[in-house]
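Chain residues, written in single-letter form:
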Amino acid sequence: MNEDKIPVGISSCLLGQEVRYNGGHKRSRVCLNSFARVFDYRAFCPEVAIGMGVPREAIRLVDAPDSPRVVGTKTPTLDVTDELYAYGLEVGRTSEDLSGYILMKNSPSCGLYSAKVYRGESPLPGKHAGMFVRGLRHTQPLLPMEEEGRLNDPVLRENFIAAVYAYHDWRTNFMVEPSPNALVAFHSKYKFLVMAHGQAPYKQLGRIVADAGASGFDERINAYIAALMETLKKPASRKGHVNTLFHILGYLRDTVAGDVREDIHRVIESYRLGFVNLSVPATMLHHYVKRFGSDYVNEQAYLNPYSEELGLRNTI
Ligand code: SF4
């Protein structure tokens, strides 16, 4: 394991491994060129892992979308439902060090949102999770997951990476020595990131933390991380970012004034109107926060949510 990188699960075919039913792969540029700098990938091919071999008969989901079976496209008696689900449970149980998972779209095993369920020869309306993912989600309900295809969308990509970093921080820092004070400190650090996602989750998470010293601490931390990861599933809106940027500017009221303050104001407005990317006001603000901001503001994950070399805020 690479100690500096974040452990992230991935569908093996996305790394270029020739494990697809037809002996091919689905090498992903975004996963290999960009994210490989910061992720330590753990590759899993569920269909190979359950012994289907390469090449193999293609499989598909059939019958009820909520509880489908997974059968061969040519041999309906080839039913691998239980094996795929059990392998998802096993990967979830034995890979507790993962902080995220990238999945191959459309697959009856690995698809997260996009697998079709068939009745007879016709696909039913709607898109669904594959059978391996159903097992994995059962044992790792908090793990940030995304489909590789959706990572070509800059907003979804940025949001997924921020969620992976937040979950990694929780697992490898907070959970090492959980305490009421540590929960308060963790929440302080993520306050502005949560704020960008909306006032409702901001208040909800604040309420959970407000009683951090009360009884039932284990339940409280479970509720906190569940609410945080639920919040981070959806990207922050431009309006949410603008509100947060102005909120941070408010902390520089006494130290950054006059023309400089007006410039920052103007740049945030330019971002609001879509003339510049988020990196422009965020970098400008961060510069002044580093010089004049309090420890509280300087420690905000919002100003430094992931490795800068990913350049993700240049794209949203
Ligand atoms: S989508 Fe999943 S099961 Fe299919 S080849 Fe890729 S890793 Fe294997």
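Residues numbered from 1 in each chain as written. Predicted model: local features only at pLDDT ≥ 70, side-chain atom pairs only at ≥ 80, totals over all residues.

Focus on the overall build of the chain
Of the regular secondary structure elements, the chain holds 12 helices and eight strands. For a compact globule of 316 residues, the expected C-alpha radius of gyration is about 20 Å, and the chain comes in at 22 Å, within 12% of that figure. If one aligns the C-alpha atoms of the chain with their principal axes, the spans along those axes are about 75 × 50 × 40 Å. By the burial criterion, 38% of the 316 residues in the chain qualify as buried. (Helix = DSSP H or I, 4+ residues; strand = E, 2+ residues; numbered from the N terminus. Rg over C-alpha atoms; globule rule 2.2 N^0.38 Å. Buried ≥ 20, exposed ≤ 12 C-beta atoms within 10 Å, placed from the backbone.)

Focus: helix H5 (residues 154-172)
In this model H5 runs 27 Å from its N-terminal to its C-terminal C-alpha over 19 residues, within 8% of the 27 Å that 1.5 Å per residue would give. Buried within H5 are the following residues: Arg 157, Glu 158, Asn 159, Phe 160, Ile 161, Ala 162, Ala 163, Val 164, Tyr 165, Ala 166, Tyr 167 and Trp 170. The elements touched by buried residues of H5 are strand E1 (6-11), strand E8 (145-147), helix H6 (180-196) and helix H8 (217-231). (Expected span 1.5 Å × (residues − 1). Contact = placed C-beta atoms within 7 Å.)

What about the nonpolar core?
Membership of the largest hydrophobic core comes to 79 residues, with the highest contact counts inside it found for Val 8, Leu 103, Val 164 and Ala 166. It is H5 that provides the largest number of residues to this core, a total of nine residues. Here this core spans two domains, and each of domain 1 (6-151) and domain 2 (153-316) adds at least three residues to it. Beyond its immediate stretch of four places on either side in the chain, Ala 166 contacts Tyr 190, Leu 228, Leu 232 and Ala 301. (Core = buried A, V, L, I, M, F, W, Y, C linked by C-beta atoms within 7 Å. Domains from an automatic or database assignment.)

Some remarks on the sheet that holds E8
Strand order across the open sheet formed by four strands is E2-E1-E5-E8, with parallel pairing between neighbours. Edge positions in the open sheet fall to strand E2 (39-44) and E8, since each of these has one partner strand only. Neighbour-to-neighbour, the strand axes of this sheet turn through a mean angle of 25°, independent of strand direction. Examined bridge by bridge, E1 and E2 share six bridges and lie parallel to one another. The residue of E2 that forms the bridge with Ile 10 is Ala 43. (Pairing = 2+ DSSP bridges. Axes fitted to C-alpha atoms, helices over the stretch in contact; angles between N-to-C directions.)

Overview of the packing of helix H7 (residues 199-210) against H8
Their axes nearest at 9 Å, the elements H7 and H8 cross at an angle of 165°. One finds that H7 runs roughly antiparallel with respect to H8. Our pair here, H7 against H8, has a crossing hand that is left-handed. Contacts between H7 and H8 pair Pro 201, Gln 204, Leu 205, Ile 208 and Val 209 from the former with Arg 220, Ala 223, Tyr 224, Ala 227, Leu 228 and Thr 231 from the latter. Here the residues of the contact of H7 with H8 sort into eight nonpolar, two polar and one charged. (Parallel < 35°, antiparallel > 145°, perpendicular 65-115°, else oblique. Left-handed = near helix turned anticlockwise from the far one by under 90°. Nonpolar A, V, L, I, M, F, W, Y, C, P; charged D, E, K, R; others polar.)

Re the sheet that holds strand E7 (residues 122-123)
Pairing is mixed across the open sheet formed by four strands, whose spatial order is E4-E3-E6-E7. In this open sheet, the two edge strands, each paired with only one partner strand, are strand E4 (69-72) and E7. Note that strand E3 (residues 59-62) and E4 share four bridges and pair antiparallel. For Arg 60, the partnering residue across the bridge sits in E4 and is Val 71.

Considerations on helix H3 (residues 81-94)
Its 14 residues place the ends of H3 20 Å apart at the C-alpha level, agreeing with the 20 Å of an ideal helix rising 1.5 Å per residue. Three or more residues of H3 are buried, namely Leu 84, Tyr 85, Tyr 87, Gly 88, Val 91 and Gly 92. End-on view of H3: buried residues confined to an arc of 160°, all on one side of the axis. Along its buried surface, H3 packs onto E2, helix H2 (46-49), E4 and helix H4 (131-139). (Arc of directions from axis to C-beta.)

Digging into the pairing of E3
Between E3 and E4, which follow one another and run antiparallel, lie six residues, and Asp 63 among them has a positive phi close to 80°. Where E3 meets strand E6 (residues 117-119), two bridges bridge the pair, whose relative direction is parallel. Residue Val 62 lies in a different strand from E6, and its bridge partner there is Tyr 118.

Description of unusual backbone geometry
Val 54 connects to Pro 55 through a cis peptide bond whose omega is -5°. By the element assignment, Pro 55 lies in the loop between H2 and E3. For Asn 106, which is not glycine, the phi dihedral falls at a positive 70°. Secondary-structure assignment places Asn 106 in the loop between strand E5 (101-103) and E6. The exposure class assigned to Asn 106 is partly exposed, which follows from the 15 C-beta atoms found within 10 Å.

Points about the domain arrangement of the chain
Its domain assignment divides the chain into domain 1 (6-151) and domain 2 (153-316). Taking the mean C-alpha position of each, domain 1 and domain 2 sit 32 Å from one another. Taken together, the contact pairs 12 residues of domain 1 with 15 residues of domain 2. When the residues that make up the side of domain 1 that touches domain 2 are grouped by side-chain class, the tally is six nonpolar, three polar and three charged.

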